[in-house]
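So the chains spell out like this:
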Amino acid sequence: MRRYLCFAITLLTALTIGAVGPINGLTGLTGLTGEKKLKAYENLVNETEWSGEVNTVLSICDEWIQYAQKEGNLDYEEAGRNKRLTLIYNSEDWMRLEKEAREQKDWMEKHERWNSFYKAWRDIIESCSYTSRTQTALREAEQMQEFAQKQNNTLGRALAYEQIGVIYDNIDHQQSVKALERSIRLMKEIPEVTKNELLSAYFYMAQELDQIKDYSRELAICKEWRQHLDYIKALEKPGVGKMNVYDMEQHLWYASALIGSDSLAAAAKELAACEQLNEQIKDPYLTYQMQVHQARLAMKEGDIKKAVAFTDLYEPMMDLDWWPMAQRLRGEALLAVGRNREAAILYQKMYLHKDSTFSKDVRMQLDELNTLFQVDEIRMKGQLERSRFVILIICLIMLVLLLFIYLRHRAAKRLAQKNQELMIANARAEESSKMKTAFIQQISHEFRTPLNILNGFTQILTAPDMVLQTEEKADIQKRISESTERITSLVNKMLELSDANSRQVIERNDSIAALMIATQAIEHTGIQQDSHIKFQLQADAQAEAIMHTNLQSATRALTLLLDNARKFTKKGEVRLIIQQQPGTFDFIVEDTGIGVPAQEAEHIFDEFVQLDEYYDGTGIGLAVARSIARRLGGDIVLDTSYSGGARFVMSLPKE
């Protein structure tokens with residue numbers, strides 16, 4: 001969202017002042033010296049920074065900095081260096097920004113320009129966030145907070161807490177709110193120098209409170225935000241510019257909080273104020289946000305047709321600015337008016353968009369997964385060391401007890417018992433190690449096969465003298481697509497594995513029919529297209545009943561169960577049955593495959609477990625599926641009374 005604000009402000013400023021030729025402005029510096037020339041450099045850059053010629057304006061900044069060094073004026077040199085960071089930030093070249101910010105941060109520290117030092121550090125953190133290096137960004141923010149704490153620098157601590165709050169936006173909203181609360185509290189203690197930073201903190205805070213539906217606190221924050229805006233506007237000249245953008249953002253989130261707290265008339269007034277501001281701003285992204293909130297208000301008022309009309313207006317913007325609230329709201333509105341096909345296409349598009357986002361960041365996520373495996377290895381080593389320590393203590397106790405003749409027999413029994421426990425523990429450790437080794441070997445094989453296919457076809461397609469028939473091209477395209485989807489599926493499963501042991505509850509904020517979960521899961525697996533399997537969906541009118549869950553997560557868990565049945569049923573039948581129970585919906589997956597022994601009913605839900613090594617797979621699907629179901633308030637169990645193959649039952653609560 002901060003990137004969006006920068007874009008909007010950039011557009012507005014460019015429209016207001018126009019594009020100025022930076023080179024022509026240099027002629028105005030002729031004959032100037034000293035501080036007048038430095039001021040002229042500053043004015044020239046401020047007038048031309050929105051011209052679009054970033055590198056040209058940066059070269060002017062370099063002349064500005066060099067002249068300030070020559071004059072020995074640290075204040076103007078600091079201003080020139082900060083302006084370089086602003087120009088690169090607005091160009092959204094995040095890797096370049098990180099490199100530049102680290103250089104400027106070192107200079108600021110050397111010359112004890114602490115406010116600029118912490119702002120440069122903030123740019124480093126944002127660069128890491130925008131390039132999907134979340135852990136690196138969080139580590140930088142924590143180091144920044146610790147450094148500022150030692151320095152007792154209020155601005156540094158405030159900016160660090162703000163960045164921690166932004167980073168936690170997609171991880172833990174409660175932690176995000178706590179960090180932003182600290183940031184705002186600290187910024188209020190700082191003089192006017194942080195007035196714009198406080199506006200940013202209010203924006204992030206309102207956004208987070210809206211996410212967790214804490215509308216009473218959001219209303220209070222929006223009122224503080226309004227007071228601060230009025231204070232700033234009293235100091236500045238009015239007009240179309242970035243203050244109007246801040247104004248409209250405040251009205252939008254205030255309206256959102258009012259809608260959430262059912263103060264619909266007041267919300268309508270706020271949105272009317274937005275419309276008036278937007279007549280001056282005419283920014284497509286702010287218009288998009290406004291239309292989303294107008295659709296949400298109409299839904300609350302029960303005017304479904306009006307809500308759909310607003311979603312029709314902003315629908316073209318959804319691909320340009322992917323906002324889950326907008327997509328979800330349009331899907332609900334389409335379902336309410338019976339435009340089910342459009343709703344289904346939209347939900348599928350939402351799923352595919354998230355999948356493509358994972359694909360773009362696959363390399364970074366694999367590195368993080370590797371880090372997780374290393375942490376697991378360290379943890380296992382630590383547990384082994386603790387086990388050895390316990391064994392040593394036991395042996396010492398046994399030796400002491402052996403000195404007492406009257407306890408010799410009892411000591412021998414205890415020793416035998418402990419040895420037996422140790423053998424079991426060692427056997428389990430060996431089994432765990434073997435399963436992990438087998439998993440690594442299997443996943444390497446799973447990756448190597450599609451990669452070899454892609455490499456082979458790449459060599460064929462790039463051969464200069466290669467001529468292919470239409471049928472051959474179609475076959476190659478099909479196999480490349482299948483290999484790509486296979487790699488994507490493996491990466492997603494590996495990423496899900498890191499979340500398999502999580503106890504964090506998944507929010508159940510979707511109101512949908514149980515049948516929709518089944519329909520999407522069937523579509524994702526493609527099981528109906530398998531020629532060797534007869535698939536049946538058994539659902540009565542009860543399957544159309546509405547349940548409150550998380551559509552994406554529930555669909556994913558059921559997809560994993562269907563994939564499991566499909567894999568172990570080489571030839572036969574797979575059935576998906578939907579049954580309504582008191583308080584729950586049961587999704588039953590039956591197959592006529594190889595089945596599961598009753599004694600393995602719980603063991604198969606452990607990570608890396610594969611009862612038959614001759615079948616492809618990673619041994620993590622069932623573990624991930626059960627984890628998702630339990631975090632949705634339900635569970636997945638194996639029905640051991642079923643003897644025709646395997647029967648898994650996923651129960652999810654209705655409410």
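Cut-offs applied
- Residues numbered from 1 in each chain as written.
- Predicted model: local features only at pLDDT ≥ 70, side-chain atom pairs only at ≥ 80, totals over all residues.
- Heavy atoms only, no water.
- Helix = DSSP H or I, 4+ residues; strand = E, 2+ residues; numbered from the N terminus.
- Buried < 20%, exposed > 50% of the residue type's maximum accessible area, 1.4 Å probe, protein only.
- Axes fitted to C-alpha atoms, helices over the stretch in contact; angles between N-to-C directions.
- Parallel < 35°, antiparallel > 145°, perpendicular 65-115°, else oblique.
- Left-handed = near helix turned anticlockwise from the far one by under 90°.
- Contact = heavy atoms within 4.5 Å.
- Nonpolar A, V, L, I, M, F, W, Y, C, P; charged D, E, K, R; others polar.
- Pairing = 2+ DSSP bridges.
- Salt bridge = Lys/Arg side-chain N within 4 Å of Asp/Glu carboxyl O.
- Core = buried A, V, L, I, M, F, W, Y, C linked by side-chain atoms within 4.5 Å.
- Phe/Tyr/Trp six-rings, centres within 6.5 Å; stacked < 30°, edge-to-face > 60°.

(A) Focus on the overall build of the chain. Each helix and strand in the chain was counted, giving 24 helices and seven strands. A buried classification covers 45% of the 655 residues belonging to the chain.

(B) Just the packing of helix 22 (residues 514-525) against helix 23 (residues 551-568), in detail. In the contact formed by helix 22 and helix 23, the axes pass within 8 Å of each other and the chain directions differ by 50 degrees. Compared by their axis directions, helix 22 and helix 23 come out oblique. Considering the relative orientation of helix 22 and helix 23, their crossing is right-handed. Facing M516, I517, A518, Q520, A521, I522, H524 and T525 of helix 22, the residues of helix 23 in contact are L551, A554, T555, L558, T559, L562, D563 and R566. Taken together, the residues that form the contact of helix 22 with helix 23 break down as nine nonpolar, five polar and two charged.

(C) A look at the sheet that holds strand 5 (residues 584-591). Within the open sheet, the five strands sit side by side as 2-4-5-7-6. Their pairing is mixed. At either margin of the open sheet sits one strand with a lone partner, and together these are strand 2 (533-538) and strand 6 (635-638). Between one strand axis and the next, the sheet turns by 15 degrees as a mean value, whatever way the strands run. Where strand 4 (residues 572-581) meets strand 5, eight bridges bridge the pair, whose relative direction is antiparallel. Within strand 5, the position partnered with L576 by the bridge is V589.

(D) Quick look at the pairing of strand 6. What you see with strand 6 is a clean split: I636 and L638 sit on the buried side and D635 and V637 on the side with no burial. Bridge count between strand 6 and strand 7 (residues 646-653): four bridges; the pairing is antiparallel. Within strand 7, the residue paired with V637 across the bridge is V649.

(E) Structural detail: the pattern of salt bridges. What the rule picks out here adds up to 28 salt bridges. Close ionic contact of E42 with K39 constitutes a salt bridge, the shortest N to O distance being 3.5 Å. Separated by three residues within a single helix, E42 and K39 lie in helix 3 (residues 34-48), roughly one turn from each other.

(F) Geometry of unusual backbone geometry. A positive phi is found at E112, a non-glycine position, where the angle reads about 55 degrees. You can see E112 is positioned in the loop between helix 6 (94-110) and helix 7 (114-130). According to the relative accessible area criterion, E112 is exposed, its value standing at 56%. Positive phi, normally seen in glycine, also occurs at K213, with a value near 60 degrees. Looking at the element boundaries, K213 is found in the loop between helix 11 (195-211) and helix 12 (215-235).

(G) The nonpolar core, seen in detail. Counting residues in hydrophobic clusters, the biggest one holds 142 residues, and the most contacted among them are W225, L558, F587, F648 and M650. At ten residues, helix 13 (residues 242-260) tops the list of elements feeding residues into this core. Not counting the four nearest positions on each side in its chain, L558 is found in contact with I517, A518, A521, L576, F587, V589 and M650. Among the nonpolar cores identified, the runner-up in size contains five residues, and F447, I487, L490 and V491 belong to it.

(H) Molecular detail of the pairing of strand 5. Burial runs high along strand 5: seven of the eight residues are buried. In terms of strand pairing, strand 5 meets strand 7 through eight bridges, oriented antiparallel. In the sheet register, D591 faces strand 7, and the bridge partner there is A646.

(I) Inspection of the packing of helix 7 against helix 9 (residues 154-167) at higher detail. At a minimum axis distance of 9 Å, the contact between helix 7 and helix 9 shows a crossing angle of 10 degrees. In terms of orientation, helix 7 lies roughly parallel with respect to helix 9. When helix 7 is examined against helix 9, the residues N115, Y118, K119, R122, I125, E126 and S129 are found in contact with a partner set consisting of L155, G156, L159, E162, Q163 and I167. Looking at the contact of helix 7 with helix 9 residue by residue, the class counts come to five nonpolar, four polar and four charged.

(J) Molecular detail of the environment of A137. Looking at the secondary structure, you find A137 in helix 8 (residues 134-151). For A137 and I124, which are 13 residues apart along the polypeptide, the C-alpha to C-alpha distance reads 7.9 Å. The residues touching A137, leaving out its near neighbours within four places in the chain, are I125, C128, S129 and I167.

(K) Representation of the packing of aromatic side chains in the model. Going through the model one piece at a time under the given rule, you end up with 15 aromatic pairs. Relative to W94, the ring of Y89 has its centre 5.4 Å away and its plane inclined at 85 degrees; by these criteria the two rings are edge-to-face. Of the two residues, Y89 and W94, both sit in the buried class. When the centroid spacing of 4.9 Å and the interplanar angle of 75 degrees are considered together, the rings of F117 and Y118 count as edge-to-face.

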